[in-house]
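Structural characterization, general
Residues per chain, in single letters:
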Amino acid sequence: MKRFLALLVMSTLIVSCVSKKKYVQLEGDLMETRGELQKTTVEKEELEAKMAKIEKRVEIYNAQVNSLQSDNANLAESNNQKMDLLADNSAVMSENMKVRLQETLAKLPPETLEGAKTLKDSMNIAIAYNLEQSINENNIDKDGDIDVQIDQTVVMISVADSLLFRSGSYTVNSKAHDLLSKLADVIKAEPSIDVMIEGHTDSKGIHTETIVDNWDLSVKRSTAIVRVLQNKYKVDPARLIPSGRSSYVPLTDNSTYKNRARNRRTNIIIMPNLNKFFALMVEEEVVSLD
């Protein structure tokens with residue numbers, strides 16, 4: 001009997017010890033879980049605060065973009081209204097100038113004006129039409145190395161660099177002067193246009209004592225043509241815009257010699273400038289009145 005009681009007491013103590021050990025372990029696990037939960041809660045609140053700031057910033061940016069778009073739309077509408085006023089309001093435009101504008105537009109084939117919605121559109125088309133006639137009269141596109149394209153009111157003459165320069169050089173070939181002389185005549189015949197000379201290269205790199213890279217070559221070639229137009233053919237330099245595009249606007253891939261030759265080109269972009277057009281008309285009217 002005593003032995004049985006001793007065994008019962010020992011069993012109870014063992015069970016008690018095991019239960020207490022598990023309890024302590026579970027309690028530790030609970031504390032650790034609570035700590036992780038608290039940390040996660042803090043991180044969640046921080047992320048929510050950051051997200052709120054980002055959303056607020058996006059909202060402000062969107063408002064600014066919408067405001068700019070609205071301002072641009074209002075400005076465009078205002079400009080169109082001002083241009084339309086020039087045709088209809090004698091307080092803004094004299095009768096003599098209105099007659100001259102009507103005479104200019106009357107010379108155009110009716111189909112060329114079909115897409116014109118405002119006076120501004122009409123005058124842009126008129127200037128581009130006159131440029132096209134001048135280019136045709138000067139036979140500028142007679143050579144296979146020259147491509148003339150008219151995109152709405154912009155005239156682009158693309159010239160292969162084999163006609164203008166030696167390989168890797170920005171010295172203008174003497175054989176290019178016939179083209180540049182005709183181009184100068186076109187530019188001087190229409191004082192209300194600006195002309196951008198845009199150089200393009202292929203993707204083959206270049207580095208010499210005088211040329212840093214393709215960017216440098218493309219710009220040097222455009223400025224070389226600008227100088228010829230200014231110095232030899234007396235084109236007003238204020239109307240000339242040199243620029244270079246390096247190899248980053250190719251017509252085709254640069255995988256073959258033929259394709260690289262196509263990509264080496266100079267674009268001569270002729271752009272109507274209506275501000276100059278109307279300023280010239282006002283100057284001519286003042287002279288005629290004197």
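Reading the values: the criteria
- Residues numbered from 1 in each chain as written.
- Predicted model: local features only at pLDDT ≥ 70, side-chain atom pairs only at ≥ 80, totals over all residues.
- Heavy atoms only, no water.
- Helix = DSSP H or I, 4+ residues; strand = E, 2+ residues; numbered from the N terminus.
- Buried < 20%, exposed > 50% of the residue type's maximum accessible area, 1.4 Å probe, protein only.
- Expected span 1.5 Å × (residues − 1).
- Patch = residues over 30% accessible without salt bridge, like charges linked within 9 Å, V, L, I, M, F, W, Y side chains within 5 Å.
- Areas by Shrake-Rupley, 256 points an atom, 1.4 Å probe, with all protein chains shown as cover.
- Salt bridge = Lys/Arg side-chain N within 4 Å of Asp/Glu carboxyl O.
- Phe/Tyr/Trp six-rings, centres within 6.5 Å; stacked < 30°, edge-to-face > 60°.
- Lys NZ or Arg CZ within 6 Å of the ring centre and 35° of its normal.
- Axes fitted to C-alpha atoms, helices over the stretch in contact; angles between N-to-C directions.
- Parallel < 35°, antiparallel > 145°, perpendicular 65-115°, else oblique.
- Left-handed = near helix turned anticlockwise from the far one by under 90°.
- Contact = heavy atoms within 4.5 Å.
- Nonpolar A, V, L, I, M, F, W, Y, C, P; charged D, E, K, R; others polar.
- Core = buried A, V, L, I, M, F, W, Y, C linked by side-chain atoms within 4.5 Å.
- Lys, Arg positive; Asp, Glu negative; His and termini not counted.
- Charge placed at Lys NZ, Arg CZ, Asp CG, Glu CD.
- Polar contact = N/O pair within 3.5 Å; in protein donor to acceptor, adjacent residues only side chain to side chain.
- Pairing = 2+ DSSP bridges.

Concerning the environment of Val-148
Structurally, Val-148 is set in strand 1 (residues 146-151). On the basis of relative accessible area, Val-148 is assigned to the partly exposed category, the value being 24%.

Considerations on helix 5 (residues 177-189)
Here helix 5 is 13 residues long and its end C-alpha atoms lie 18 Å apart, about the 18 Å a rise of 1.5 Å per residue gives. Restricting attention to buried positions, one finds in helix 5 the residues Leu-179, Leu-180, Lys-182, Leu-183, Ala-184, Val-186 and Ile-187.

Examining a nonpolar patch on the surface
A surface patch of nonpolar side chains, about 260 Å² in accessible area, is lined by Met-51, Ile-54 and Val-58. Met-51 sits in the partly exposed class, given a relative accessible area of 45%.

What to know about the pattern of salt bridges
One pass over the structure, following the stated rule, counts five salt bridges. Linking Arg-221 and Asp-161 is a salt bridge whose minimum nitrogen-to-oxygen distance equals 2.5 Å. Placement of Arg-221 in helix 6 (residues 214-232) and of Asp-161 in helix 4 (residues 161-164) is noted, with a sequence separation of 60 residues between them. Across this residue pair, the class does not change: Arg-221 and Asp-161 are buried.

Here's the deal with the packing of aromatic side chains
Counting across every chain of the model gives one aromatic pair. Taking the centre distance of 5.4 Å and the plane angle of 35 degrees together, the rings of Trp-215 and Tyr-248 count as tilted. Taken as a pair, Trp-215 in helix 6 and Tyr-248 in the loop between strand 4 (240-244) and helix 7 (257-263) lie far apart in primary sequence, 33 residues in all. Classification of Tyr-248 by relative accessible area gives exposed; the value is 58%. Positioned above the aromatic ring of Tyr-170, the side-chain terminus of Lys-220 is 5.8 Å from the ring centre. Here the basic side chain of Arg-264 rests over the ring of Tyr-257, its NZ or CZ set 5.8 Å away from the ring centre.

Things to note about the packing of helix 5 against helix 6
Interhelical geometry of helix 5 versus helix 6 gives an angle of 65 degrees and a closest axis separation of 10 Å. Judged by the inter-axis angle, helix 5 sits roughly perpendicular to helix 6. The interaxial crossing formed by helix 5 with helix 6 has right-handed handedness. Across from His-177, Leu-180, Leu-183, Ala-184 and Ile-187 in helix 5, the residues of helix 6 making contact are Ile-225, Val-228, Leu-229 and Lys-232. Looking at the contact of helix 5 with helix 6 residue by residue, the classes come out as seven nonpolar, one polar and one charged.

What about the nonpolar core?
Ile-157, Leu-229 and Ile-270 are the most contacted members of the largest nonpolar core, which totals 31 residues. Among the elements that line this core, the one with the most residues is helix 5, at six residues.

Things to note about the environment of Lys-204
Tracing the sequence through the fold places Lys-204 in the loop between strand 3 (193-200) and helix 6. Lys-204 gets classed as exposed once you look at its relative accessible area, which sits at 52%. C-alpha of Lys-204 to C-alpha of Arg-260: the two residues are 56 residues apart in sequence and 8.5 Å apart in space. Apart from the residues within four sequence positions on either side, Lys-204 is in contact with Asn-214 and Arg-260.

A closer look at a negative patch on the surface
Taken together, the side chains of Glu-32, Glu-36, Glu-43, Glu-45 and Glu-46 present a region of like negative charge at the surface. If you trace the backbone, Glu-43 turns up in helix 1 (residues 2-88).

With respect to the side chain of His-200
Along the chain, His-200 falls in strand 3. A distance of 3.4 Å separates the side chain of His-200 from the side chain of Asn-267, its partner in a polar contact. With near-sequence residues (within four places) excluded, His-200 lies in contact with Asp-161, Ser-218, Arg-245, Ser-246, Val-249, Asn-263, Arg-264, Arg-265 and Asn-267.

Remarks on the pairing of strand 5 (residues 265-272)
On a regular strand, one side chain projects to one face of the sheet and the next to the other, so that they alternate. Strand 5 sits mainly inside the fold: seven of its eight residues count as buried. Of the pairings in the sheet, the one linking strand 2 (residues 154-160) to strand 5 comprises six bridges and is antiparallel in character. Considered in strand 5, the bridge of Met-156 is made with Ile-269. Of the strand pairs in this sheet, strand 3 and strand 5 are connected by eight bridges, and their pairing is antiparallel. Considered in strand 5, the bridge of Ile-197 is made with Ile-268.

Overview of the pairing of strand 4
The pairing of strand 3 with strand 4 spans five bridges and is parallel. Looking at strand 4, one finds that Glu-198 is bridged to Ser-243.

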